[in-house]
Amino acid sequence: MTVYIDPPDWPGHGRMWSHLVSDVSYAELHAFAEDMGVQRRAFERDHYDIPSHRYPDAVRAGAVEVSSREVVRLLHGAGLRRRKSDVSRRQPPPTVPTPPPAVRRPAPPRPRPPGRTPRG
C-alpha cells in the first residue's frame with residue numbers, strides 16, 4: 001500500500017492543508033485514512049484534505065511525502081483524477097465500476113388459449 005501526501009501549503013478555513021492520495025485505488029486511500037482516524041467527510045473527489053497538524057501523523061503512518069505537482073501527476077497516471085467539473089461535490093466517487101443500466105424491453109404478448117378470439 002502506497003499513499004502520498006503533499007506539503008500543507010493550501011489555505012482554507014483559517015488553516016493550512018495537505019492532500020492525501022493513492023495511486024492505486026480509492027479503496028486503498030479510504031483504508032489508509034480510516035486507519036489514521038480521518039473522517040470520511042474529509043474526502044473530496046479524489047483526495048483527503050489533511051490539516052497541517054495531522055501531516056506528521058500521515059507520514060508516520062506511511063504516507064510518502066511528495067510535491068503538489070507530483071500528487072496531480074500520480075492521480076492522472078492512475079486514472080483517479082476527478083476535477084470539480086467532473087463530479088458533484090456531494091456525490092462520492094464509485095469504489096467499483098458501475099455496470100451500465102439494464103435495457104428494459106416489453107414482455108412478449110402472451111399466447112391466447114385455443115378457441116378464443118380477440119373482442120372487437
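Because the structure is predicted, anything quoted here is derived from the model rather than measured.

1. Here's the deal with the overall build of the protein
- In terms of helices and strands, the protein carries 3 helices and 6 strands.
- Sequence-ordered secondary structure for the protein, helices as α and strands as β, is β-β-β-α-β-β-α-β-α.
- By residue count, 32% of the 120 residues in the protein fall in the buried class.
- Counted over contacts in the protein with a minimum sequence separation of 6, partners at least 24 positions apart contribute 60%.
- Looking at the protein as shown, the accessible area adds up to about 9,000 Å², and 52% of this sits on carbon and sulfur atoms.

2. As for the packing of aromatic side chains
- Under the counting rule described, the total for this entry stands at 2 aromatic pairs.
- Geometrically, the ring pair formed by tyrosine 26 and phenylalanine 43 is edge-to-face, given 5.9 Å between the ring centres and 85 degrees between the ring planes. With tyrosine 26 in helix H1 (residues 26-36) and phenylalanine 43 in strand S4 (residues 43-44), the pair connects residues that are 17 residues apart, well separated along the chain.
- A relative accessible area of 10% places tyrosine 26 in the buried class.
- Classification of phenylalanine 43 by relative accessible area gives buried; the value is 13%.
- Linked through ring pairs, Tyr26, Phe43 and Tyr48 together constitute an aromatic cluster.

Analysis parameters
- Residues numbered from 1 in each chain as written.
- Predicted model: local features only at pLDDT ≥ 70, side-chain atom pairs only at ≥ 80, totals over all residues.
- Heavy atoms only, no water.
- Helix = DSSP H or I, 4+ residues; strand = E, 2+ residues; numbered from the N terminus.
- Buried < 20%, exposed > 50% of the residue type's maximum accessible area, 1.4 Å probe, protein only.
- Contact = heavy atoms within 4.5 Å.
- Areas by Shrake-Rupley, 256 points an atom, 1.4 Å probe, with all protein chains shown as cover.
- Phe/Tyr/Trp six-rings, centres within 6.5 Å; stacked < 30°, edge-to-face > 60°.

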